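Chain and residue survey
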Amino acid sequence: MLKRILAVCLALNYSVAAQAASPITLLSKQCIDYQVSLSQAQTSDTPQDASVRLERELLGLFNLKDSVRFYRHYPLNAEDKEALLQCQLHLADEFERLAKDPWLKTQSRQWAQSQVSDLRQLGRGLTQQIAEQIDQVQKAKIHTAQASIAHGLRQKDLSLIIGESRCRLDDEAKSHEAKSKEAQAQAFDNSIASYLIHQPDEACKRQVWQAYQTRAKQKNLAAMSLILETKQAVAEEHDALDYASWALSHQQLASPEQVKQYLDSQTRIAPAPWRLGAVLADLAKVEVRPLSGRQLLSEIQQELEPFGLQFETINTDMLRLWHQGRLLGDIFLSQAATHRGAKTQLSPLRQSVVGQQFGQLTLTLPDEIDDYRGQEQLIIAAAEMVSRLLTGGRYYLNNTLGDGQAIASLWLSQYLSKRLLPQLPRDSREAQLKAFASQLKVFRSKLALRAYQAPEHRLYRDLNQEFSLSFGEPWPEADDALFSFTGAVTQGPLYYLSLWHQSLAEQILSDTHQEDKAVFELLLINEQQLSLDEQLNLIFGSAQSVATILERSQHVQLKPVH
């Protein structure tokens, strides 16, 4: 693993001699010493020249942030984790310093009014990033609370007192009988998945699953309250009604009401969580041809050739991606662990920025993939890889902020899945698992939206009913599910976004009047740096209001799976 990490360090422009040292030590030193200077940008003669000079300065900062994120994918010792944390904090402080600079604030607003499309996007992106900065005290409170909640939810074992003997599994009950009375209330320590698989009693399954979802409530209640209070204070500083209203004001669905309308349109019955295993066990799997990861990647490459993409093999562990003679970047390949269930993993290292730098990523491939989900995961990773390398903007922020890249990647993964995977019958195991995952996301999105609204303005008041609408059965304590997933504190009211991106990608694939190659160039390359609204207008052939998109989304979701 470390050898592979050291190889990728070539991308960080270290000297040959420096590579003998730990890559994280070198990265940490670069981080702590790094400081952005605005002097050259401030003395530029034109807005365009100022933006180019600023981009050169900011790229170093963004590349270091991406490198920190890259290394966090790997197992690290305590010293390296601390080094990356200090690096992360320094970079955040450096960007906060820039965000307070009067010249940058003024210049960003001026760029946001530019007639030049990419410069206008850069100005809007910077203005939003500056507006979203919070003071260090607030930041410290939020990060500490988030870390506390994440730690509590990482505890995988179920620790519950099972009061009813009928809800104990046979082997536990026998052990229970053999113990003294003082030990008869011992905690149930089997994993939740194992329990649900082996427990035949439906009522026990429901009881234990629901208790498991709220296991961290008492431990995380104070941290969650602190986050909600701090976020509300941030919203009030911006004269917003509440944090949900503030966070959504910059999105395509620009209000809690529009998000609710979308989530309601996506709500439909899926298997109850505690019954999911039994439901899936009775359904047939979709059969696929067993392939190695490299074989499937080769088939993906062939499907991408009509779009003008070419993969050059440098050696067995490295590919180079080209588009119509333009070098996009490098892909470092590695083999996943050989155990069954090994997954594809994409680890971006450097973002492609036209005229500034090529992209670089690592792609970890399983040795053999003999199931639908595993092959779909590789297709999704390959689509994201191409999207990251191909994006045609001259500014890092334009290539990474907003919905564009996510929608482009999802559209391409769906396009490739239709060509490389068998159709997915609605009554298959994979289709039902997708339906469940979607409804869990819908329900949790409602939870997150509600949590960040002021109590008197909450659009979702009865979470018990919302749970029943998604899973067919009530859950009186459904409000407490807010404590069951980290997205409630890391993404907050924007937790719904991945669902929204998926819906838009499905609409584009099914409803566009454009040829596939035209959509590919419009979404993934976007040479003219059009906004998402402008892209959708061209794709659908008419102006797209949010109401029209929402209506289309509901229509697409009601279609059969394939």
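Coordinates for the structure precede this section.
Every chain begins its residue count from 1, and numbering advances along the sequence as written. With the structure being a predicted model, the display of local features is reserved for residues of pLDDT at least 70 and the display and counting of side-chain atom pairs for 80 or more, all residues being used for whole-chain, interface and lining totals. To get the side-chain values, take all heavy atoms of the structure and skip hydrogens and water.

We now examine the side chain of Thr 391. Starting at the N terminus, helices and strands are each numbered in turn, a helix being any DSSP run of H or I of at least four residues and a strand any DSSP run of E of at least two. With respect to the element layout, Thr 391 can be found in the loop between α17 (372-390) and α18 (396-400). A distance of 3.2 Å separates polar atoms of two side chains, one belonging to Thr 391 and the other to Asn 399. In this description, contact between two residues means that some pair of their heavy atoms is separated by no more than 4.5 Å. If near-sequence neighbours (up to four positions away) are discounted, Thr 391 is found in contact with Gln 351, Ser 352, Val 354, Asn 399, Gln 405, Leu 524 and Ile 525. Here a polar contact is taken to be a pair of N or O atoms separated by no more than 3.5 Å, where protein atoms must pair a possible hydrogen donor with a possible acceptor and residues adjacent in sequence count only if both atoms sit in side chains.

This paragraph deals with the pairing of strand β4 (residues 345-350). Only protein chains enter the calculation, and the probe is 1.4 Å; a residue is then buried if its accessible area is under 20% of its type maximum, exposed if over 50%, and partly exposed in between. Here β4 lies mainly inside the structure; five of its six residues are buried. Between any two strands, pairing holds if DSSP finds at least two bridges. Sheet analysis places β4 next to strand β5 (residues 359-365), joined by five bridges and oriented antiparallel. Bridge pairing in β5 links Leu 346 to Leu 363.

Here the focus is the environment of Ile 508. Among the secondary structure elements, Ile 508 is positioned in helix α23 (residues 497-511). Taking the C-alpha atoms as reference, Ile 508 lies 8.2 Å from Leu 536; in sequence the two are 28 residues apart. Apart from residues no more than four positions distant in its own chain, Ile 508 is found in contact with Ile 407, Trp 411, Val 519, Leu 523, Leu 536, Ile 539 and Phe 540.

Now for the pattern of salt bridges. Pairing between side chains of opposite charge can happen when their charged atoms approach one another. Put simply, a salt bridge is a Lys or Arg side-chain nitrogen that is within 4 Å of an Asp or Glu carboxyl oxygen. This model, assessed by the stated rule, comprises 21 salt bridges. The residue Asp 33 makes a salt bridge to Lys 29 at a minimum N-O spacing of 3.2 Å. Residue Asp 33 and its partner Lys 29 are located together in helix α2 (residues 23-33), separated by four residues, close to a single helical turn. Under the relative-accessibility criterion, Asp 33 is labelled exposed at 52%. Salt bridges sharing partners connect three or more residues here, namely Glu 202, Arg 206, Arg 275 and Glu 473.

Criterion for a disulfide: a pair of cysteine sulfur atoms within 2.5 Å. According to the stated counting rule, one finds one disulfide in the structure shown. Note on cysteine connectivity: Cys 31 is disulfide-linked to Cys 87, with sulfurs 1.6 Å apart. Remark: Cys 87 occurs in helix α5 (residues 78-99) and Cys 31 occurs in helix α2; sequence separation between them is 56 residues. Overall, Cys 31 belongs to the buried group, its relative accessible area being 0%.

Let us look at the sheet that holds strand β1 (residues 309-315). Pairing in this open sheet of five strands is mixed, and the strands run β1-β2-β3-β5-β4 from one edge to the other. Of all the strands in the sheet, the pair left with one neighbour each is β1 and β4. In this sheet, adjacent strand axes meet at a mean angle of 25° when their direction is disregarded. Summarising the sheet, strand β2 (residues 318-323) and strand β3 (residues 326-335) pair through six bridges and their orientation is antiparallel. The partner of His 323 across the bridge, within β3, is Arg 326. Note on geometry: axes are C-alpha line fits, over the in-contact stretch for helices, and angles between N-to-C directions span 0 to 180 degrees.

Here we take up the pairing of β1. As paired elements, β1 and β2 share six bridges and run antiparallel to each other. Bridge pairing in β2 links Phe 311 to Leu 321. Between the end of β1 and the start of β2, which pair antiparallel, lie two residues.

The next point concerns the nonpolar core. As used in this record, nonpolar core signifies buried Ala, Val, Leu, Ile, Met, Phe, Trp, Tyr and Cys residues forming a set joined through side-chain atoms within 4.5 Å. Counting residues in each nonpolar core, the largest one holds 117 residues, and the members touching the most others are Leu 363, Met 385, Val 386, Trp 411 and Leu 412. With 10 residues, the top contributor of residues to this core is α17. Core analysis: the second largest hydrophobic core is formed by 37 residues, Ile 24, Leu 59, Trp 103 and Leu 349 among them.

Turning our attention to the packing of α17 against helix α19 (residues 404-420). Running from N to C, α17 and α19 cross one another at 135°; their axes reach a closest spacing of 8 Å. As far as their axial angle goes, α19 and α17 are oblique. Relative to α19, the crossing made by α17 is right-handed. For the pair α17 and α19, contact is made by Glu 376, Ile 379, Ile 380, Ala 383, Glu 384, Val 386, Ser 387 and Arg 388 and by Gln 405, Ala 408, Ser 409, Leu 412, Ser 413, Leu 416, Ser 417 and Leu 420, respectively. By the definition adopted for this analysis, an angle is roughly parallel if under 35 degrees, roughly antiparallel if over 145, roughly perpendicular if from 65 to 115, and oblique otherwise. Here a crossing is taken to be left-handed if its near helix is turned anticlockwise relative to the far helix by less than a right angle, and right-handed if that turn runs clockwise.

The rule is simple: put a 1 Å grid over the protein atoms alone, call a set of points where a 1.4 Å probe fits but cannot get out a cavity, call an open set with protein on both sides within 12 Å along at least five of seven lines a pocket, and count a residue as lining if it has an atom within 4 Å of a point. Grid points are joined across faces, edges and corners, and a volume is the space filled by probe spheres set on the points. For the coordinates displayed, the defined rule picks out one cavity of 30 Å³ or more. By volume, the largest cavity amounts to about 50 Å³. Taken together, Trp 209, Gln 213, Leu 440, Phe 443, Arg 444, Phe 467, Trp 475, Ala 481 and Ser 484 make up the lining of the largest cavity. For the lining of the largest cavity, the secondary-structure elements that each account for two or more residues are α11 (202-213) and α20 (429-451). Broken down by element, the lining of the largest cavity gets its largest block of residues, three residues, from α20. The classification used treats Ala, Val, Leu, Ile, Met, Phe, Trp, Tyr, Cys and Pro as nonpolar, Asp, Glu, Lys and Arg as charged, and all other residues, Gly among them, as polar. Across the lining of the largest cavity, the residue classes tally to six nonpolar, two polar and one charged.

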